[in-house]
Amino acid sequence: TSLEVLDLEVEYFPHFFSFFFLVRFNPYCFLFLHCDSQNNQLRYPGFDRFATVVRHCPALHTLNLSFNLIGPLGGPRLARALEYLPNLRVLNIMFNDLRISGIASVTAVLPRCCPQLESLNVSDNALAVDGTAHLAACLPKLKHLRSLSMCANQFELRAAQHLSR
């Protein structure tokens, strides 16, 4: 098959259904270039199952996980999944309530595991000052990054200072 796009963009598609759908196509996961799984309630701990299958998709260029409320506990699981996605160019993790600990896990692996990343959306994740510090430390290492969206993250002046360095 030449299936390259997996679109799971179905509002409130329960996490266990998306998991079983992915498992059903697992032999073809290595071909997927784009995975859109926004607004599917992939909350932790259900996100574990999704992340386990996505790791078998090393060709992925685009991963859209926006509006899934993965949460801070899901951040390390997302980071482990990213370790298997060396070709990722677009990562949208908007509105996932990652907070400081979740974004710390993700930014720790991004430069090493996703060196081709061109677009990153971390908007609406309650990053605050400490979360932006983790993000700021990661950004210079993302040599191909051209687009960064980080709206609505409870920033203060100190957060902006982290990013301006």
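Scroll up to find the structure.
Remember, it's a predicted structure, so these values are computed and weren't measured experimentally.

Parameters and conventions
Residues numbered from 1 in each chain as written. Predicted model: local features only at pLDDT ≥ 70, side-chain atom pairs only at ≥ 80, totals over all residues. Heavy atoms only, no water. Helix = DSSP H or I, 4+ residues; strand = E, 2+ residues; numbered from the N terminus. Polar contact = N/O pair within 3.5 Å; in protein donor to acceptor, adjacent residues only side chain to side chain. Contact = heavy atoms within 4.5 Å. Salt bridge = Lys/Arg side-chain N within 4 Å of Asp/Glu carboxyl O. Buried < 20%, exposed > 50% of the residue type's maximum accessible area, 1.4 Å probe, protein only. Phe/Tyr/Trp six-rings, centres within 6.5 Å; stacked < 30°, edge-to-face > 60°.

Student: Hey, could you go over the side chain of Asn 96 for me, with residue numbers and the actual values?
Tutor: Note that Asn 96 resides in the loop between β4 (90–92) and α4 (99–113). Polar contacts involving the side chain of Asn 96 include one to the main-chain carbonyl oxygen of Met 94, which spans 3.2 Å. If near-sequence neighbours (up to four positions away) are discounted, Asn 96 is found in contact with Leu 65, Ser 66, Phe 67, Asn 68, Leu 69, Ile 70, Gly 71, Asp 124 and Asn 125.

Student: Which residues make up the pattern of salt bridges, and what are the values?
Tutor: Under the counting rule described, the total for this entry stands at four salt bridges. Ionic pairing is found between Asp 48 and Arg 77, a salt bridge with its closest N-O pair at 3.1 Å. With Asp 48 in helix α2 (residues 47–54) and Arg 77 in helix α3 (residues 75–82), this residue pair connects regions lying 29 residues apart in the sequence. For Asp 48, a relative accessible area of 26% gives the class partly exposed.

Student: How would you explain the packing of aromatic side chains if you had to name every residue and give the values?
Tutor: Inspection of every chain in the model, using the stated rule, returns one aromatic pair. Ring centres of Phe 67 and Phe 95 lie 5.2 Å apart, and the angle between their planes is 25°; this geometry places the pair in the stacked category. A residue pair is termed long-range when its members are at least 10 positions apart, and Phe 67 in the loop between β3 (62–64) and α3 and Phe 95 in the loop between β4 and α4 qualify at 28 residues. Overall, the relative accessible area of 35% leaves Phe 67 in the partly exposed class. On the accessibility criterion, Phe 95 (35% relative accessible area) is partly exposed.

By themselves these figures say nothing about function.
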